[in-house]
Amino acid sequence: MSVIVEVQVRDNNVDQALRALKKKMQREGLYREMRMRRHYEKPSERRAREKAEAIRRYRKLLRKRAERDEV
């Protein structure tokens, strides 16, 4: 995955640019990817993690649908 995240510094306001950069990196999922790449993950562990994530996403979708239909 090669994502280029770019932020412009305006009026020498580095703090604001840094906040924008962190927000963009969070949105792109770069923090999560860096954390995952710190250690090697066996293919079987990767499959198990991805399956668990898919189940979690599906259950969240069902909860949202149930909440929407309840109203």
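For the structure, see preceding data.
A quick note: this is a predicted structure, and the numbers were derived from the prediction, not measured.

## So, helix α1 (residues 14–28)
Under the 1.5 Å per step criterion, the end-to-end length of α1 is 21 Å for 15 residues, consistent within 8% with the ideal 21 Å. Downstream of α1 by one or two residues, glycine 29 has phi in the positive range, about 80°.

## Here we look at the pattern of salt bridges
Throughout the structure, instances matching the rule amount to six salt bridges. For glutamate 50, the salt bridge identified is with arginine 46, shortest N-O distance 3.2 Å. One end of the pair, glutamate 50, and the other, arginine 46, are both in helix α3 (residues 43–70), four residues apart, so they sit about a helical turn from each other. Judged by relative accessible area, which is 35%, glutamate 50 ranks as partly exposed.

Definitions and limits used
- Residues numbered from 1 in each chain as written.
- Predicted model: local features only at pLDDT ≥ 70, side-chain atom pairs only at ≥ 80, totals over all residues.
- Heavy atoms only, no water.
- Helix = DSSP H or I, 4+ residues; strand = E, 2+ residues; numbered from the N terminus.
- Expected span 1.5 Å × (residues − 1).
- Salt bridge = Lys/Arg side-chain N within 4 Å of Asp/Glu carboxyl O.
- Buried < 20%, exposed > 50% of the residue type's maximum accessible area, 1.4 Å probe, protein only.

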